[in-house]
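Secondary and tertiary structure notes
What follows is each chain in one-letter form.
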Amino acid sequence: MKNNAKKTKKLLPLAVLLAAAALLGILLAVLTRSSTGAADTTIPLCGFTAEEIDRLAYSGNNMDVTLLKGSTGDWMLDSDPALPLDQAKVTSLVEQYAALAALRKLEGSDLAELPEKSAAPQMTITIGAGEKTLALTVDQLNAVADVYYVYDESGAAYTVMRSDLATLSKSPRDLYKAQTLTDKTLSNVAAMQVNDLQFTQTDGSWTLTDDPDYPVSQSSIKKMASTILQMQTAWTVTAPEADTAYGLGSPDVTAVLTFTDGTSLTVRFGNAVAAAADGSDGDSLCYLASDAAPTVVYEVNADSKLAYAVTKESLYEETATAATAASDPVAQYPVGGEDDYADSSVSYTHLRAHETELPLVC
């Protein structure tokens, strides 16, 4: 009997410890279930899925945009159907609208405390799916709670986090798909003409066509060719005016690339772009025309023209040889200075280095 009592006393602390561990396990499971399975209390404002939506319009913040889904599933700008849009960006935007949700629906005494509706709301939104339409009005901001008051078409009022609305008012430039001028590479180029200068490429080495023994900077010539090959557009004017409206009648630079397959590409650089109404920094852009797309005019980074600020004299490089040409890297900075285009009569004064910045509007 004594031995049994001793054994019981020894096992008692172990039993207590096991019971405590089991209790802790149960509590942990409950807490975990509570945190991972917390109910979403937000209120969906859009009853359509992103796939169902085929029309999206929003206005306000100096913007009025309507997007339509075509029969092929691609989105287009209603006011400019030919403008190339980045479909991934538009799809992402539509998904954000489909997921738009409110923190609360205001009822009872909360409605009495609402400020009077503004005559000029922050934003109006129309979402369409087939024959169904949803209209929302984003009204005044409650800066203390950091929420907007949003009304649906029935007049019901909701509060929506400002951060949820901040990225929904995209400009067409935000949704634009950058274009390239050609899919050719530097190795595909047989010859190049930049205004009055003509160059020939043979086995990776560039020479002046009319003076092949003249030692020229390989990196500077590669830079001129590569600028055209690698350039991406910042905008497309789909219904341009006459060339003179863009300085393309008397371009600053005319460059022609002739490829090994016998085809060619001609580009013309024109005037600086005036500041756009949507707030984009026009001074950092210039107009460009390409014979590969003769019905449109592009806007490109104005710094691209700096690659062509050269003369025959500025291209002179005494150490340039055929042996070093192939390994010579593309110049990161052009040679030459003001009025130093291949055509020295061209004005350089409007070229200024700025960063292109397309602000998001909320």
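Residues numbered from 1 in each chain as written. Predicted model: local features only at pLDDT ≥ 70, side-chain atom pairs only at ≥ 80, totals over all residues. Heavy atoms only, no water.

Let us now look at the sheet that holds strand E13 (residues 205-208). Backbone hydrogen bonds are what pair the strands of a sheet, in a parallel or an antiparallel way. Strand order in the open sheet formed by eight strands is E13-E12-E11-E15-E16-E17-E18-E14, and the pairing between neighbours is antiparallel. Of all the strands in the sheet, the pair left with one neighbour each is E13 and strand E14 (235-237). Strand-to-strand twist of the sheet, defined as the mean angle between neighbouring strand axes without regard to direction, takes the value 25°. In the sheet, strand E15 (residues 253-259) pairs with strand E16 (residues 264-272) via six bridges, with the strands oriented antiparallel. Bridged to threonine 258 within E16 is serine 264. (Pairing = 2+ DSSP bridges. Helix = DSSP H or I, 4+ residues; strand = E, 2+ residues; numbered from the N terminus. Axes fitted to C-alpha atoms, helices over the stretch in contact; angles between N-to-C directions.)

One can find alanine 101 in strand E5 (residues 101-102). Between the C-alpha atoms of alanine 101 and threonine 42, which are 59 residues apart in sequence, the distance is 6.0 Å.

Unfilled space is identified by rolling a water-sized probe across the atoms. By volume, the second largest pocket is sized at about 180 Å³. If you trace the second largest pocket, you find it lined by Leu103, Arg104, Leu106, Asp110, Glu113, Leu114, Pro115, Asn142, Ala145, Val147, Tyr149 and Thr159. Secondary-structure elements contributing two or more residues to the lining of the second largest pocket are strand E6 (104-106) and strand E9 (147-152). A per-class count over the lining of the second largest pocket returns seven nonpolar, two polar and three charged. (1 Å grid on protein atoms, 1.4 Å probe; cavity = no way out; pocket = protein on both sides within 12 Å on 5 of 7 lines; lining within 4 Å. Points joined across faces, edges and corners; volume = space filled by probe spheres on them. Nonpolar A, V, L, I, M, F, W, Y, C, P; charged D, E, K, R; others polar.)

When the charged atoms of two side chains with opposite charge come close together, those side chains can pair. Enumeration over the complete set of coordinates arrives at eight salt bridges. One salt bridge connects arginine 268 with aspartate 243, and the closest N-O pair in it is separated by 3.1 Å. Here aspartate 243 lies in the loop between E14 and E15 and arginine 268 lies in strand E16, a separation of 25 residues in the sequence. Residue classification places arginine 268 among the partly exposed residues on the basis of a relative accessible area of 24%. Since its relative accessible area comes to 32%, aspartate 243 is described here as partly exposed. (Salt bridge = Lys/Arg side-chain N within 4 Å of Asp/Glu carboxyl O. Buried < 20%, exposed > 50% of the residue type's maximum accessible area, 1.4 Å probe, protein only.)

This brings us to the nonpolar core. Among the nonpolar cores identified, the biggest contains 80 residues, and Tyr58, Leu67 and Phe199 are the most heavily contacted of them. Once residues within four sequence positions are removed from consideration, tyrosine 58 is found in contact with Met63, Asp64, Val65, Leu67, Leu93, Tyr97, Met123, Thr124, Leu168, Ser169, Lys170 and Leu175. Within the second largest apolar cluster, five residues are counted, among which are Leu106, Leu114, Tyr149 and Tyr151. (Core = buried A, V, L, I, M, F, W, Y, C linked by side-chain atoms within 4.5 Å. Contact = heavy atoms within 4.5 Å.)

For helix H2 (residues 87-98), with twelve residues, the first-to-last C-alpha span of 16 Å sits near the 16 Å given by 1.5 Å per residue. All buried positions along H2 are accounted for by Val90, Leu93, Val94, Tyr97 and Ala98. In a view along the axis of H2, the buried residues occupy a sector of 140°, so they form one face of it. Each element contacted by the buried residues of H2 is listed here: strand E2 (55-60), strand E3 (63-69), strand E4 (75-77), strand E7 (123-129) and helix H5 (172-175). Looking at where H2 begins, the residue whose side-chain oxygen comes 3.0 Å from the main-chain nitrogen of alanine 88 is aspartate 86. (Expected span 1.5 Å × (residues − 1). Arc of directions from axis to C-beta. Polar contact = N/O pair within 3.5 Å; in protein donor to acceptor, adjacent residues only side chain to side chain.)

Treat this as a map of the structure, not an account of what it does.
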